[in-house]
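Commentary on secondary and tertiary structure
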Amino acid sequence: MVRLIAIAILATGIASLPATAAEEYWVARDAVSKQCEIVPKKPDGTLVVDLGKKKYASEGEARKAMEALPDCKKK
């Protein structure tokens with residue numbers, strides 16, 4: 001009985017992992033077009049360059065950081 005309960009708890013925990021995965025956003029600049037953008041995964045450093053060197057929990061936080069970065073200001 002204990003073994004059955006342990007297996008049920010383990011299966012429930014594994015099944016819920018994707019739902020609890022935290023989203024991350026990064027502020028990056030395209031190396032070719034020099035346009036800033038918010039990307040859902042860490043930039044690779046070749047085609048998309050990481051500007052903020054920091055991940056953000058929400059897209060809103062990333063957008064505020066992008067607007068504050070001097071490399072992303074509209075000229």
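Procedures and definitions
- Residues numbered from 1 in each chain as written.
- Predicted model: local features only at pLDDT ≥ 70, side-chain atom pairs only at ≥ 80, totals over all residues.
- Heavy atoms only, no water.
- Helix = DSSP H or I, 4+ residues; strand = E, 2+ residues; numbered from the N terminus.
- Buried < 20%, exposed > 50% of the residue type's maximum accessible area, 1.4 Å probe, protein only.
- Contact = heavy atoms within 4.5 Å.
- Core = buried A, V, L, I, M, F, W, Y, C linked by side-chain atoms within 4.5 Å.
- Disulfide = S-S within 2.5 Å.
- Salt bridge = Lys/Arg side-chain N within 4 Å of Asp/Glu carboxyl O.

The helix and strand inventory of the chain stands at two helices and three strands. The order of α-helices and β-strands along the chain, N terminus first, is α-β-β-β-α. Counting every position in the chain, which comprises 75 residues, the buried fraction comes to 20%. In the chain, once contacts between residues fewer than 6 apart in sequence are set aside, the share between residues at least 24 apart is 39%.

A general trend in soluble globular proteins is that nonpolar side chains are found buried together. Core analysis: the largest hydrophobic core is formed by nine residues, namely Tyr25, Val27, Ile38, Leu51, Tyr56, Ala62, Ala65, Met66 and Cys72. Elements that contribute at least two residues to this core include exactly strand E1 (25–30), strand E3 (48–56) and helix H2 (59–68). Of all the elements, H2 adds the most residues to this core, at three residues. Not counting chain neighbours up to four residues away, the residues in contact with alanine 62 comprise Tyr25, Val27, Ile38 and Tyr56.

The next thing to look at is unusual backbone geometry. A positive phi angle, near 65°, is found at lysine 34, a position not held by glycine. Its location among the elements puts lysine 34 in the loop between E1 and strand E2 (36–39).

Further remarks concern the state of the cysteines. Taken as a whole, this structure holds one disulfide when the rule is applied. A disulfide bridge connects cysteine 36 with cysteine 72, and the sulfur atoms are separated by 2.0 Å. Every disulfide takes its handedness from the sign of the S-S torsion; for cysteine 36 and cysteine 72 that torsion is -90°, giving left-handed. Of this pair, cysteine 36 sits in strand E2 while cysteine 72 sits in the segment after H2; the two residues are 36 residues apart in sequence, bridging distant segments of the chain.

Glancing now at the pattern of salt bridges. Using the criterion set out here, one finds two salt bridges in the structure. A salt bridge links lysine 55 to glutamate 24; the shortest N-O distance between them is 3.1 Å. Of the two residues, lysine 55 is situated in strand E3 and glutamate 24 in the loop between helix H1 (2–20) and E1; the sequence distance between them amounts to 31 residues. For lysine 55, a relative accessible area of 47% corresponds to the partly exposed category. A salt bridge links glutamate 59 to arginine 63, with the shortest nitrogen-to-oxygen separation between them at 3.3 Å. Separated by four residues within a single helix, glutamate 59 and arginine 63 lie in helix H2, roughly one turn from each other.

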